[in-house]
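Okay, here's what each chain looks like letter by letter:
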Amino acid sequence: MNKAVELPIVQPLYGTYQNHGAGSAVLKSNPSIRNWYLNQVMILQCNRKFINGFTTPNIDIQQAWWHNQPYLEQKRYEMQYLSGYVNPVIRELLSDGYYVAFEGVDDFYVPGKSWYKERHACHDGLICGYDQNDKTYSLFSYDSNWIYRVFKTPQKGWNAGRKAILNEGTYGSFICGLKPKDDEVLLEPETILMKLREYLDSSLEKYPVTEDDMVEGIAVHEYIAMYVGKLIDGSIPYERMDRRVFRLIWEHKVVMAERLQKVEDALEMDHSISERYLPLVEEANTLRMLYASYHMKRRDSLLPVIQKRLLRLKGTEEILLTEFVKKVGGILKK
């Protein structure tokens, strides 16, 4: 076996959650799989529980988690049954070209990780390398400064984190080898058109505040505006705010802009709609930064601004995507 292995990481399409990032960060050997994300992964969703006491909207994107990625070979092993062989299995997988996703490791014990020596948190991440010379793993994960990057951490600390979770009797801790398949994945304008129609078929009438199941589609923006309203009136405490909300919205716009451009190219359309969409990406990034600023230093005056601009972004996106759907639908009918 090699003394050291380091597998390449690419910038993931979605990286708000590490379970999102792992699925597309491993695509160096087959970048065409990116098209699967453009074809399928666009439907925003959130819960409505925050209206009545929950402190997070749990915003997400359907199918974005690596578990749902059909173009990854996946070799899963429950850590409770591997006994003393967890680390040899990890090294064998990496040596064979498999990245190693993990769930059920306590960040508190893992040097460099997001909650190291701050808080016990059963968390996940991706191992992309090992070095037996200094007994380290290379993790692609959020570090102690909340930057999503590759960094080295002692294998000893990572093992302490996984053992802590197993000692609690929390079964569900596992490692999973991930390797891109060789399939060539093509852009599918017809599938994208169908998913865009699904995304736009969403409103407060379809998802009223009186229900409590998941909200899906463009109406999620209105629920996030309500979430900001709960921060404004104090019914969700500043200390309990979900810091991730606007990063995911920004990532959604970045990928949507790429999606529109790729469809326009595939159908030999002009870029009039995607070019008008690009300012929404910038606006979403501005909202992300304003929200992060509020998280770092509480300034209540920022929240009404964020709320108003989010609703305006949603309205503009709805207009542009509706126009895009009509235009692409007409071309595909010919």
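Description of the structure in this document. Treat the numbers as computed from the prediction; the structure is a model and nothing was measured.

**A short note on the overall build of the protein chain**
1) Next: The helix and strand inventory of the protein chain stands at 9 helices and 10 strands.
2) Next: For 334 residues, the compact-globule estimate of 2.2 N^0.38 gives 20 Å, and the protein chain sits close to it at 21 Å.
3) Next: Expressed along its principal axes, the backbone C-alpha trace of the protein chain runs to roughly 55 × 50 × 30 Å.
4) Next: Nonlocal contacts in the protein chain, meaning residues at least 24 apart in sequence, comprise 70% of its contacts between residues at least 6 apart.
5) Next: If you sum the accessible surface of the protein chain, you get close to 15200 Å²; carbon and sulfur atoms cover 50% of it.

**Structural notes on the sheet that holds strand S3 (residues 60–61)**
1) Next: On the basis of which strands lie adjacent, the open sheet formed by 3 strands has the order S3-S2-S10 and antiparallel pairing. Strand pairing shows two members of the sheet lacking a second neighbour, S3 and strand S10 (215–216), which therefore form its edges.

**Overview of the environment of Tyr37**
1) Next: Tracing the backbone shows Tyr37 in helix H2 (residues 34–40).
2) Next: Owing to a relative accessible area of 0%, Tyr37 belongs among the buried residues under this scheme.
3) Next: Ignoring any residue separated from it by four or fewer positions in sequence, one finds Tyr37 in contact with Leu13, Tyr14, Gly23, Ser24, Leu27, Ala64, Gln69 and Arg259.

**Focus on unusual backbone geometry**
1) Next: Even without being glycine, Trp146 reaches a positive phi, approximately 60°.
2) Next: The topology assignment puts Trp146 in the loop between strand S7 (136–142) and strand S8 (148–154).
3) Next: Even without a glycine there, the phi angle at Glu268 is positive, about 55°.
4) Next: Counting through the fold element by element, Glu268 comes out in the loop between helix H7 (245–266) and helix H8 (272–296).

**Some remarks on H7**
1) Next: Compared with the 32 Å implied by 1.5 Å per residue over 22 residues, the 32 Å span of H7 between its first and last C-alpha is a close match.
2) Next: Looking one or two residues beyond H7, the residue adopting positive phi is Glu268, at roughly 55°.

**What about the packing of H7 against H8?**
1) Next: Viewed as axis vectors pointing N to C, H7 and H8 meet at an angle of 165°, and their least axial separation amounts to 8 Å. In terms of their interaxial angle, H7 and H8 are classed as roughly antiparallel. In this structure, H7 crosses over H8, and the sense of that crossing is left-handed. Together, Val245, Phe246, Arg247, Ile249, Trp250, Lys253, Val254, Met256, Ala257, Leu260, Gln261 and Glu264 of H7 and Ser272, Ile273, Ser274, Tyr277, Leu278, Leu280, Val281, Ala284, Asn285, Leu287, Arg288 and Tyr291 of H8 make up the contact between the two elements.

**Describing the pattern of salt bridges**
1) Next: According to the stated counting rule, one finds 19 salt bridges in the structure shown.
2) Next: A salt bridge links Lys152 to Asp134, with the shortest nitrogen-to-oxygen separation between them at 3.7 Å. Placement of the pair is Lys152 in strand S8 and Asp134 in the loop between strand S6 (122–131) and S7, with a sequence separation of 18 residues.
3) Next: Classification of Lys152 as partly exposed rests on a relative accessible area of 45%.

**Quick look at the packing of aromatic side chains**
1) Next: Taken as a whole, this structure holds 13 aromatic pairs when the rule is applied.
2) Next: Considering the side-chain rings of Phe50 and Tyr227, the 5.5 Å spacing of their centres and the 85° angle between planes classify their relative orientation as edge-to-face. Taken as a pair, Phe50 in the loop between strand S2 (44–46) and S3 and Tyr227 in helix H6 (residues 220–233) lie far apart in primary sequence, 177 residues in all.
3) Next: Residue Tyr227 is classed as buried on the basis of its relative accessible area of 0%.
4) Next: Every member of this aromatic cluster is reached through a ring pair, and the members are Trp115, Phe140, Tyr142, Trp146 and Tyr148.
5) Next: The ring of Phe174 carries Arg76 above its face, with NZ or CZ at 3.6 Å from the centroid.
6) Next: The aromatic ring of Trp146 is capped on one face by Arg243, whose charged end is 4.4 Å from the ring centroid.

**Let's talk about the nonpolar core**
1) Next: Among the nonpolar cores identified, the biggest contains 102 residues, and Ile59, Ile90, Ile127, Trp158, Ile175, Phe246 and Tyr277 are the most heavily contacted of them.
2) Next: Excluding its chain neighbours within four sequence positions, the residues that come into contact with Ile59 are Tyr17, Leu44, Gln45, Cys46, Val220, Ile224, Val245, Leu248 and Ile249.

**Some points on H6**
1) Next: When the terminal C-alpha atoms of H6 are compared, their 20 Å separation across 14 residues agrees well with the 20 Å that a helix rising 1.5 Å per residue should span.
2) Next: The buried fraction of H6 amounts to 11 of the 14 residues, a majority that puts the element mostly inside the structure.
3) Next: Burial in H6 covers these residues: Val220, His221, Glu222, Tyr223, Ile224, Ala225, Tyr227, Val228, Gly229, Lys230 and Leu231.
4) Next: Count one or two residues on from H6 and you reach Gly234, which has phi positive near 85°.

Criteria and cut-off values
- Residues numbered from 1 in each chain as written.
- Predicted model: local features only at pLDDT ≥ 70, side-chain atom pairs only at ≥ 80, totals over all residues.
- Heavy atoms only, no water.
- Helix = DSSP H or I, 4+ residues; strand = E, 2+ residues; numbered from the N terminus.
- Rg over C-alpha atoms; globule rule 2.2 N^0.38 Å.
- Contact = heavy atoms within 4.5 Å.
- Areas by Shrake-Rupley, 256 points an atom, 1.4 Å probe, with all protein chains shown as cover.
- Pairing = 2+ DSSP bridges.
- Buried < 20%, exposed > 50% of the residue type's maximum accessible area, 1.4 Å probe, protein only.
- Expected span 1.5 Å × (residues − 1).
- Axes fitted to C-alpha atoms, helices over the stretch in contact; angles between N-to-C directions.
- Parallel < 35°, antiparallel > 145°, perpendicular 65-115°, else oblique.
- Left-handed = near helix turned anticlockwise from the far one by under 90°.
- Salt bridge = Lys/Arg side-chain N within 4 Å of Asp/Glu carboxyl O.
- Phe/Tyr/Trp six-rings, centres within 6.5 Å; stacked < 30°, edge-to-face > 60°.
- Lys NZ or Arg CZ within 6 Å of the ring centre and 35° of its normal.
- Core = buried A, V, L, I, M, F, W, Y, C linked by side-chain atoms within 4.5 Å.

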